[in-house]
Amino acid sequence: AATIPTIILSPLGGILADRANRRNIMVALDGLTGLSVLCAALFLTGKNDLAVIGILLVILSVLGAFETPTVQACIPTMLEGDQIMKGNAVVNQAASLSYLTAPMLGGVFYAAFGLKPVMYASVGCFFITALFECFIRLSYERSPRRGGVLSTVREDFRESMRYLSEEESGVAKMLFLTAFSRFFVMGIVVIGLPFLVRAVLGLNAGYYGVAESALAVATILGSIAAGILSEKLKIHKLSAVLASLGVFILPAGIVYILPVSLMIKYAVTVASLCGMQAVISIFSVFAVSLIQQRTPNHLIGKIMAYTSAITLCVQPVGQIVYGFLFDRFSGAVSVILVPTGLIVCAVGASSAGFFRRMEKSAAEKC
């Protein structure tokens, strides 16, 4: 329920990001987020907790549908060329760091002070963020509007679809490759990791916690590597990056065929999945940056919204598919992991021509 509004409303969020002042959108959305959390904290009574938290999650999902494309559209407005990749890498690092520390800090503060004080502190953080965003300087030109709101939405949607299907099909293919990689990564990491550690290897929650922390660190390191490689990694080499995603999956499957100890299987599984997580961070930063570089400013919000919506659609599908697969082949997980690695390697290798054409096109535009 909290994901569906983001998927449905993201295109509208992209249209708003392209037509309104992006700084003002961010200020308003963070202010509304703080206000929503404040209202939820005030309405919590102990008897209606589930309903209030459920409604809050849906509201935050709606606000997120407008915030994500706006934030992503701001980066190419503020930066140029390789700096866009560095900017996306820094954003990715900050997001990964928050995913690593927020649950831990939330648990500590919740245990020490209770739920409502944590929520009130969150409200303060959102309002402070909105205040700081008031000082962001972004160029803004009001787009001409023909007709009413509905006709404007329809026209903007048609224009963005025409851009993806006719004018810049390379961006559409990049969206597909990003979604393709997320399908396998989310299926294996979100479903496969806990299943392999807890059910197949029979290890306790402590080992799973260590694996989760290692994956979070790998994500941060991948984002850092993307920033370092922003000027060195050529576009045509992204096919090798995508193929290496499959290479990292293979050891996790092969180790379950070999007669090795439990701890070796655990170590190889965690190392393989950490490699996957680092590679997908690098590929995602470069893919999003290339999409931003090739998209005109008046369409960037809508294209970023499609990127977010497609990724959100693909992730649960990957989780469902791999959930069934791991249940069906629970006694032979290598039957799942090895073919997955080979498929990803094959797609990465076959995308070499596409990335060479993208590099040639980028050189011609320069």
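What counts as what
- Residues take numbers from 1 onward in each chain, read along the sequence in its written order.
- Given that this is a predicted model, residues contribute local features only at a pLDDT of at least 70 and side-chain atom pairs are listed and counted only at 80 or more, while totals for whole chains, interfaces and linings are drawn from all residues.
- With hydrogens and water stripped out, all remaining heavy atoms of the structure feed into the side-chain values.
- The definition used for a disulfide is geometric: two cysteine sulfur atoms within 2.5 Å.
- Salt bridge, as used here: a side-chain nitrogen of Lys or Arg that lies within 4 Å of a carboxyl oxygen of Asp or Glu.
- Helix and strand definitions here come from DSSP, where helices need a minimum of 4 consecutive H or I residues and strands a minimum of 2 consecutive E residues; each element is numbered from the N-terminal end.
- Think of it in three bands: residues with accessible area under 20% of the maximum for their type are buried, residues over 50% are exposed, and the middle band is partly exposed, with areas taken using a 1.4 Å probe on protein chains only.
- To obtain each axis, a line is fitted to C-alpha atoms, and for helices this fit is confined to the stretch in contact; angles are then taken between N-to-C directions over 0 to 180 degrees.
- Here roughly perpendicular refers to angles of 65 to 115 degrees, roughly parallel to angles under 35, roughly antiparallel to angles over 145, and oblique to all remaining angles.
- Should the near helix be turned anticlockwise from the far one by less than a right angle, the crossing is left-handed, and should it be turned clockwise, the crossing is right-handed.
- Residue contacts are defined here by distance: any two heavy atoms, one from each residue, within 4.5 Å place the two residues in contact.
- Note that Gly is not counted as nonpolar here; it falls among the polar residues with everything else outside the nonpolar set of Ala, Val, Leu, Ile, Met, Phe, Trp, Tyr, Cys and Pro and the charged set of Asp, Glu, Lys and Arg.
- Here the aromatic set is Phe, Tyr and Trp, taking the six-membered ring for Trp, and pairing holds for ring centres within 6.5 Å; pairs whose planes are under 30 degrees apart are stacked, those over 60 apart are edge-to-face, and all others are tilted.
- Criterion for a charge above a ring: Arg CZ or Lys NZ at most 6 Å from the ring centre, at most 35 degrees from the ring normal.
- Helix span, as expected, comes to 1.5 Å for every residue beyond the first.

Undergrad: Give me the lowdown on the state of the cysteines, citing residues and values where you can.
TA: Disulfides are covalent bonds that connect the sulfur atoms of two cysteines. Counting across every chain of the model gives zero disulfides. Sulfur of Cys134: no disulfide; nearest cysteine sulfur belongs to Cys74 and is 13 Å away.

Undergrad: So what about the pattern of salt bridges? Which residues, and what values?
TA: Considering all chains together, one arrives at five salt bridges under this definition. Close ionic contact of Arg19 with Asp156 constitutes a salt bridge, the shortest N to O distance being 2.7 Å. Remark: Asp156 occurs in helix H6 (residues 149–167) and Arg19 occurs in helix H1 (residues 4–19); sequence separation between them is 137 residues. Residue Asp156 is classed as buried on the basis of its relative accessible area, which comes to 3%. Residues joined by salt bridges that share partners form a network here, namely Asp18, Arg19, Arg22, Asp156 and Lys302.

Undergrad: Tell me about the packing of helix H9 (residues 238–254) against helix H10 (residues 262–294), residues and numbers included.
TA: The contact between H9 and H10 brings their axes to 8 Å, and the two run at 165°. Considered as vectors, H9 and H10 are oriented roughly antiparallel to each other. Handedness of the crossing formed by H9 with H10: left-handed. For the pair H9 and H10, the contacting residues are Leu238, Val241, Leu242, Ser244, Leu245, Phe248, Ile249, Pro251 and Ala252 in the first and Val268, Ser272, Leu273, Gly275, Met276, Val279, Ile280, Ile282, Phe283, Phe286 and Leu290 in the second. When the residues that make up the contact of H9 with H10 are grouped by side-chain class, the tally is 17 nonpolar, three polar and no charged.

Undergrad: Outline the packing of aromatic side chains, listing residues and values.
TA: Tallied over the entire structure, the rule returns twelve aromatic pairs. Between Phe109 and Phe113 the ring centres are 6.2 Å apart and the planes differ by 40°, which places this aromatic pair in the tilted class. One end of the pair, Phe109, and the other, Phe113, are both in helix H4 (residues 82–113), four residues apart, so they sit about a helical turn from each other. Accessibility expressed as a relative area gives 41% for Phe109, which makes it partly exposed. Here Phe180 and Phe184 contribute two aromatic rings whose centre-to-centre distance is 4.8 Å and whose plane-to-plane angle is 75°, an arrangement assigned as edge-to-face. With Phe180 and Phe184 both in helix H7 (residues 169–200) and four residues apart, this pair spans about one turn of that helix. Among the residues examined, Phe180 registers a relative accessible area of 13% and is labelled buried. Between Arg328 and the ring centre of Phe329, over which it is positioned, the NZ or CZ distance is 5.0 Å.

Undergrad: Outline helix H5 (residues 115–133), supporting the account with residue identities and numerical values.
TA: The end-to-end C-alpha distance of H5, which contains 19 residues, comes to 27 Å, matching closely the 27 Å that a straight helix rising 1.5 Å per residue would cover. The inward-facing, buried residues of H5 abut helix H2 (22–43) and helix H3 (49–78).

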